[in-house]
Amino acid sequence: MKFFRRHWYNIGLAVAVIAAIFLVLQWNSMGILQKVLLLNFIAILVLQFEEYGFPGGEPAIMNIALQNSPTPDRYPLNQNSAMITNVVAGYTMYLIPVFLPDIIWLGLAPILFGMCQFIVHGITTNIKLKSFYNPGLGAVTLLHIPLGIYYIYYIQSNGLASVWDWIIGVVYMLLFAFVIVNKMTRTWLADKNSPYHFAEEEMKRFNVQEKVDKARRKN
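Once a new chain begins, its residue numbering starts again from 1 and follows that chain's sequence as written. The predicted origin of the model limits local features to residues at a pLDDT of at least 70 and limits the giving and counting of side-chain atom pairs to 80 or more, whereas totals for whole chains, interfaces and linings rest on all residues. Only hydrogens and water are set aside; all other atoms, that is, all heavy atoms of the structure, feed into the side-chain values.

1. Structural notes on the overall build of the chain
Per the secondary structure count, the chain includes ten helices and zero strands. Going residue by residue from the N terminus, the α and β elements of the chain occur as α-α-α-α-α-α-α-α-α-α. Atoms considered for the radius of gyration are the C-alpha atoms alone. The globule rule reads 2.2 Å times the number of residues to the power 0.38. Scaling as 2.2 N^0.38, a compact globule of 219 residues should have a C-alpha radius of gyration of about 17 Å, and the chain matches this with 18 Å. By its C-alpha atoms, the chain is 50 × 35 × 30 Å across when sized along the principal axes. In the chain, buried positions account for 47% of the 219 residues. The contact definition used throughout considers only heavy atoms, calling two residues in contact when any of these lie within 4.5 Å. By sequence separation, contacts in the chain at least 24 residues apart represent 78% of the contacts at least 6 residues apart. Taken as a whole, the chain presents about 10900 Å² of accessible surface, with 67% of it coming from carbon and sulfur. Each charge class in the chain can be summarised by its mean position, and for the 17 positive and 12 negative side chains these summaries are 6 Å apart. Helix and strand definitions here come from DSSP, where helices need a minimum of 4 consecutive H or I residues and strands a minimum of 2 consecutive E residues; each element is numbered from the N-terminal end. Here's how the labels work: a residue is buried when its accessible area is under 20% of the maximum for its type, exposed when over 50%, partly exposed in between, all with a 1.4 Å probe on protein chains only. The accessible surface values rely on the Shrake-Rupley method and a 1.4 Å probe; as for residues, cover is taken only from the protein chains in view. For the purpose of counting charges, residues Lys and Arg are taken to be positive, whereas Asp and Glu are taken to be negative. His and the chain ends are not included. For this purpose, a charge sits on NZ of Lys, CZ of Arg, CG of Asp or CD of Glu.

Okay, structure coming up:
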């Protein structure tokens, strides 16, 4: 478990590669919605690796840039809560719809969630760091948003989404964001004395501390 807690995002990237190979091999036997949803699953795994692996820096961004934590290597985000939140997101919210593509609200929720991550990566974090890029923004802009636009265009133009699909999909997405991402990360699994601290190299990626110090001097 210790190994997985430390390397879940590296393992996720390997899963993304396997999923991409499967997609290529099965392309002609899959429907449009299933293809898009599998690509969306791949996208979230790529985003997670971009955040935590390369260029990385998400632990420091969350705990230093966005939270100004007294113990930034473990609070409020720690290695355990990061693993649980992201694995639950990647392998339940994003993967399950691949096998049930005709349940529109089930696929719509992760599609919307992926697109909405632009608010954090494209606006909030860039303002805090006074930059044009932060880890995760690449996957959001190059993968999640184009996939989301196409998915929404497809279901609307083909009359596949009812009003209830939209209502349930949006509610599911908001509940997931509040319960799993917000409450689980910042309250239930948060501990200033957590034994699940991030490794030193994880905290140093993307030179977040230097960027934060520079941004604060400008202010």
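Moving on, there is more to tell.
2. Focus on the packing of helix α3 (residues 58–65) against helix α6 (residues 104–129)
Lines fitted to C-alpha atoms define the axes here, with helix axes fitted over just the stretch in contact, and angles between the N-to-C directions of these axes take values from 0 to 180 degrees. For the pair α3 and α6, interaxial distance at closest approach is 11 Å and the crossing angle is 65°. On the basis of their axis angle, the class for α3 and α6 is roughly perpendicular. Of the two elements, α3 crosses α6, and the hand of that crossing is left-handed. Note on element contacts: α6 touches α3 through His121, Thr125, Lys128 and Leu129, opposite Glu58, Ile61 and Ala65. Grouping the constituent residues of the contact of α3 with α6 by class yields three nonpolar, two polar and two charged. When describing relative orientation, an angle under 35 degrees is termed roughly parallel and one over 145 degrees roughly antiparallel, while 65 to 115 degrees is termed roughly perpendicular and anything else oblique. Crossings are assigned a handedness: left-handed for a near helix turned anticlockwise from the far helix by less than a right angle, right-handed for a clockwise turn. Residues are grouped as follows: Ala, Val, Leu, Ile, Met, Phe, Trp, Tyr, Cys and Pro are nonpolar; Asp, Glu, Lys and Arg are charged; all remaining types, including Gly, are polar.

3. Some thoughts on a nonpolar patch on the surface
The patches described consist of residues with a relative accessible area above 30% and no salt bridge, like charges being joined within 9 Å and nonpolar side chains (Val, Leu, Ile, Met, Phe, Trp, Tyr) within 5 Å. Only one rule defines a salt bridge in this text: a Lys or Arg side-chain nitrogen within 4 Å of an Asp or Glu carboxyl oxygen. The grouping of Val163, Trp164, Ile167, Ile168, Val171 and Leu175 at the surface amounts to a nonpolar patch, some 600 Å² of accessible area in total. Positionally, isoleucine 167 belongs in helix α8 (residues 163–188).

4. As for the packing of helix α2 (residues 32–52) against α6
Interaxial distance between α2 and α6 falls to 11 Å at its minimum, and their mutual angle equals 35°. With respect to the hand of their crossing, α2 and α6 are arranged in left-handed fashion. Listed contacts from α6 to Leu33, Val36, Leu37, Asn40, Ile44, Leu47 and Glu51 of α2 are Ile104, Gly107, Pro110, Ile111, Gln117 and His121. Its residues assigned to classes, the contact of α2 with α6 shows eight nonpolar, four polar and one charged.

5. What about the pattern of salt bridges?
Pairing between side chains becomes possible if they bear opposite charge and their charged atoms approach one another. Counted by the stated rule, this structure contains four salt bridges. As a salt-bridge pair, glutamate 201 and arginine 6 come within 2.7 Å of each other at their nearest N and O atoms. You can see glutamate 201 sitting in helix α9 (residues 200–204) and its partner arginine 6 sitting in helix α1 (residues 2–25), a full 195 residues away along the chain. Judged by relative accessible area, which is 42%, glutamate 201 ranks as partly exposed. Note on arginine 6: relative accessible area 14%, which makes it buried. Between arginine 74 and aspartate 73 there is a salt bridge whose closest N-O contact spans 3.0 Å. You can call arginine 74 partly exposed: its relative accessible area is 21%. One connected set of salt bridges, linked through shared partners, spans Arg6, Glu201 and Glu202.

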